Amino acid sequence: MIKSHTLGFPRIGAARELKFAVEQFWRGELTEAALQQRAAAVRQRNWQQQIDAGLDFVSVGDFSLYDHVADHISLFGCAPARFAFTDSDTPLARYFSMARGAAQQEGAACCHQHGAALEMTKWFDTNYHYLVPEFDDATRFSLHAAALLAEVAEARALGHPVKPVLLGPLTFLWLGKSKAAGLECLALLDQLLPVYVQLLQQLKAAGVDWVQIDEPILGLDLPGDWVLAFERSYHALATAHLSVLLATYFSPLQGQLSLACKLPVAGLHVDAIRAADELTAVLDWLPPHKVLSVGIIDGRNIWRSDLDAALEVLTPMLARRPGLWIAPSCSLLHVPVTLADDGALDAELRSWVAGACEKIAELHLLKRALNDGHASVAAEMATTRAALAARRSSARVSKPAVAARVAALPAAADRRRSVFSVRQAAQRSRFKLPAFPTTTIGSFPQTAAIRAMRAAHKRGELAEDAYHTAMRREIAAAVAEQEALGIDVLVHGEAERNDMVEYFGEQLDGFAFSANGWVQSYGSRCVKPPLLFGDVGRRGPMTVAWSAYAQSLSARPVKGMLTGPITLLQWSFVRDDQPRSRTALQLALAVRDEVADLEAAGIGIIQIDEPALREGLPLRRAAWPAYLEWATAAFRVAASGVDDATQVHTHMCYAQFNDILPQIAAMDADVITIETSRSDMALLRGFGEFAYPNEIGPGVYDIHSPRVPSVDAIARLLRKAAEVIPASQLWVNPDCGLKTRDWPETRAALANMVTAARQLRAESRTSSSTVGERTEH
Ligand code: GLN
Ligand code: ZN
């Protein structure tokens, strides 16, 4: 008999109940007991949904109040010593201190690092962020399984068959960061393994038969010593005599496939969406006595599955694997709880999509088809087929004019008319900017007043023209602020934008927005990615009126501000019926048209933000070049339709850029502004060594902190930058947009930034400088 299960379920609740409960708890409006009660309600509903969908297990341990990696830090008692927890700190207080930072004691003489929150970073190639475990020489592991065991007992008391979900020891160590010189995270393995064994023994004693252990790092290019450590680890875990389902996902196993198949575990889960090509090899390599779990439903996207295609894959496997398990490809954490009755999607769109609840229902259908014969599900299959057929032939999806334009795109469409040096000369004589020109990244504080006006406008309580007038007033105020501060290249401030993707998606054909399609981004923060379901078309100018208005208020250049094609792609749920590269090109053409309209409206400097370029990189290096090729080409298509004297900026932030610098250079933006303060300019060394050819604005202060950076601190960073990048190429700007900040701190920080830039100008005038090409105001 075929079994079905899920690797994990969304934990925020269909109405984001958990988010609201946790935030109320933080504000002191909810007791810990009440928080736990609400959390249990979400958890129990998740389990019931899994049971109702006929899953053979409910997943336990995938639920989390903040983050599952942080849960493992608690589980293994390895909170960093720098938090200096005392006996009076409850487990929950410790947990939220790690997640959000500990309140600084009044007058306590401590360094900045003392109680700072754990660093946060992206979970593989998803938009989920986990808290990074910190390891040092003092790290010790000890088991604190009470919370997990209580959840197991809770599910069992409800009569559910449970399958606890754990991160594997190697993935847990891999995700952590060594804070001690010379300490390799892997060196902690021998200390960690006995704690895992102890945990498995306790789970077994609690009545658990199967435990799922996630080792997604098996889909990465691992160093040899990490690969070698797998056998040793799983031999150790086998001593607990519990059936382990080793779960891999997100990426092909490639050279690690035979290792995964021969580890001493009872079963192996593989991602049949991202690693479909490997299924045959897994069937060959995995010993017949082991359970094979096939991740056949896409856990990373929201489209209704093609169940006929799934059955075509699964049916022939039955002869060799009569005890097959089926599952989503990965945890359903990355999709909304449900889209079935979403109020903002029309009935047709709703019939094309599937949230977590709909996906486990798909699994149920597959299981019944396999166990009881296809005839038993004929009616449901017919509904599915009809929806898929409708989507395939819908005029909302394919717009022949878009396809024709992509097909007819001239080969030179992704190239500027002249090389950078020629453009640079044209732009310098046009704009006559001083050395170390100052600018910002685009957004200014999204004040409560702005948000209230947008909400009122959306509810229909603030008329279109009143809203416009109000936004224009915000823009005028932002321009006046920047002129008073003496910034060289202004921005309009993005007051009219809800979100940098949503704002454009709402104005483009091919996008739809759900009312409730939330997915967790980190902790209590959720995002609602747009659905990019069809060919992309620009209905008309999207930003020109706002930018032109801003430019009309100042003699200084005002930058146009656009979101780039790759970021629009990356932060949406993207159609799966054509290659992503083609969708990217369609987006690029829409942006290109907007760029052309901005240029025609007299906007001489246009920024195309691509903060998500890096996160689109495949997990396997071998797949990088192909992605970077089409992604940078899409950017260039968006950016290249303009005159030499029009200056194109791009902006990137919060990612590791050092390993893709040549490709960033290949985007050929005239200026890149980039977040650097997190690495204290270490990133810049990469740009220097690579000899980045165009102009560059390294972020000189962290916009996440309310702290106002001093003139000295900024000047110090600029001097440091000038050591590795020729001063004539340098711009001065914050790390990222300022929308989360308040005006007083923004004003103060930018004033210091301008002063620091002037100081650097003066210094480079007195020393024999390389800045000479630029004129001074
Ligand atoms: N222009 C955007 C802003 O300033 C860029 C945001 C981002 O990089 N994520 O808000
Ligand atoms: Zn940014």
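It should be emphasised that the depicted structure is a prediction, and the values quoted were computed from it without experimental measurement.

The next thing to look at is the overall build of the protein. Assigned secondary structure in the protein consists of 27 helices and 23 strands. In summary, the protein has a C-alpha radius of gyration of 27 Å against a globular reference of 28 Å for 777 residues, a match within 12%. If you line up the protein on its principal axes, its C-alpha atoms span 75 × 65 × 50 Å. Taking all 777 residues of the protein together, the buried fraction comes to 58%. The contacts in the protein between residues at least 6 apart in sequence include a share of 78% that link residues at least 24 apart. Just so you have it, the protein exposes about 29500 Å², and 54% of that area is on carbon and sulfur atoms.

Overall, the coordinates contain 40 salt bridges when judged by the stated rule. Asp221 is the salt-bridge partner of Arg620, the closest N and O atoms lying 2.9 Å from each other. Of this pair, Arg620 sits in the loop between strand S20 (605-609) and helix H23 (624-639) while Asp221 sits in the loop between strand S8 (210-214) and helix H8 (224-238), and the two are 399 residues apart along the sequence. Overall, Arg620 belongs to the buried group, its relative accessible area being 6%. Arg391 serves as the salt-bridge partner of Asp576, at 2.7 Å between the closest nitrogen and oxygen. Of this pair, Asp576 sits in the loop between strand S19 (573-574) and helix H22 (580-600) while Arg391 sits in helix H14 (residues 378-393), placing them 185 residues apart in sequence. Via salt bridges that share partners, Arg416, Arg423, Asp668 and Asp670 belong to a single interconnected network.

Attention shifts here to the side chain of Ser394. When you line up the elements, Ser394 lands in the loop between H14 and helix H15 (400-407). Here Ser394 falls in the buried class, since its relative accessible area comes to 6%. Setting aside residues no more than four positions away along its own chain, Ser394 makes contact with Glu348 and Trp352.

We now examine the site of ligand 1. Lining the immediate surroundings of ligand 1 are Ile441, Gly442, Ser443, Glu494, Met500, Met561, Asp609, Pro611, His651, Cys653, Cys736 and Gly737. A distance of 2.6 Å is found between a nitrogen atom of ligand 1 and a side-chain nitrogen or oxygen belonging to Asp609. In isolation ligand 1 offers 290 Å² of accessible surface; the protein chains occlude 92% of this area. Across the shell around ligand 1, the residue classes tally to 6 nonpolar, 4 polar and 2 charged.

Now for the coordination of the zinc ion (ligand 2). Surrounding the zinc ion (ligand 2) are the protein donor atoms His651 (NE2), Cys653 (SG) and Cys736 (SG), at 2.1 to 2.3 Å. Read in sequence order, the donor residues coordinating the zinc ion (ligand 2) give the pattern H-x1-C-x82-C. Taking relative accessible area as the criterion, His651 reaches 2% and is therefore assigned buried.

Moving on, we get to the sheet that holds strand S9 (residues 243-247). In spatial order, the strands read S1-S12-S11-S10-S9-S8-S6-S2; together these 8 strands make up an open sheet with parallel pairing. The sheet is open, and its two borders are formed by strand S1 (3-4) and strand S2 (58-60), each paired with just one other strand. One ladder, built from 3 bridges, connects S9 with strand S10 (residues 267-271); its direction is parallel. Across the sheet, the residue bridging to Leu245 is Gly267, located in S10. On top of the sheet, helix H7 (residues 189-205) reaches strand S6 (162-167), S8 and S9; it is set at about 170 degrees to S6, its chief contact. On the sheet, helix H11 (residues 307-314) packs against strand S11 (291-297) and strand S12 (325-328) and is oriented at approximately 160 degrees with respect to S11.

In this section: the packing of helix H1 (residues 17-26) against helix H4 (residues 91-100). It is the contact of H1 with H4, at a shortest axis distance of 13 Å, that shows an interaxial angle of 100 degrees. Here H1 lies roughly perpendicular to H4, going by the angle between them. Between H1 and H4, the contacting residues are Val22, Phe25 and Trp26 on the first element and Leu92, Phe96 and Arg100 on the second. Considered class by class, the residues forming the contact of H1 with H4 number 5 nonpolar, no polar and 1 charged.

A large share of strand S17 (residues 531-538) lies buried, amounting to 7 of its 8 residues. Relative to S17, strand S14 (residues 508-512) runs antiparallel, the two sharing 4 bridges. In the sheet register, Leu508 faces S17, and the bridge partner there is Arg538. As defined by bridge partners, S17 adjoins S19 across 2 bridges and the pair is classed as parallel. The residue bridging Leu532 from the neighbouring strand is Val574, located in S19.

So, on to the sheet that holds S14. The strands making up a sheet are joined through hydrogen bonds of the backbone, oriented either antiparallel or parallel. If you walk across this open sheet you meet the 3 strands as S14-S17-S19, and the pairing is mixed. Because the sheet does not close on itself, it has two edges, and the strands there are S14 and S19. Across the face of the sheet, H22 comes into contact with S14, S17 and S19 while running at roughly 40 degrees to S17.

What counts, and at which threshold
- Residues numbered from 1 in each chain as written.
- Chains lettered and ligands numbered in written order.
- Predicted model: local features only at pLDDT ≥ 70, side-chain atom pairs only at ≥ 80, totals over all residues.
- Heavy atoms only, no water.
- Helix = DSSP H or I, 4+ residues; strand = E, 2+ residues; numbered from the N terminus.
- Rg over C-alpha atoms; globule rule 2.2 N^0.38 Å.
- Buried < 20%, exposed > 50% of the residue type's maximum accessible area, 1.4 Å probe, protein only.
- Contact = heavy atoms within 4.5 Å.
- Areas by Shrake-Rupley, 256 points an atom, 1.4 Å probe, with all protein chains shown as cover.
- Salt bridge = Lys/Arg side-chain N within 4 Å of Asp/Glu carboxyl O.
- Near = heavy atom within 4 Å.
- Polar contact = N/O pair within 3.5 Å; in protein donor to acceptor, adjacent residues only side chain to side chain.
- Nonpolar A, V, L, I, M, F, W, Y, C, P; charged D, E, K, R; others polar.
- Donors = N, O, S within 2.8 Å, 3.2 Å for Na, K, Ca; no water.
- Pairing = 2+ DSSP bridges.
- Axes fitted to C-alpha atoms, helices over the stretch in contact; angles between N-to-C directions.
- Parallel < 35°, antiparallel > 145°, perpendicular 65-115°, else oblique.

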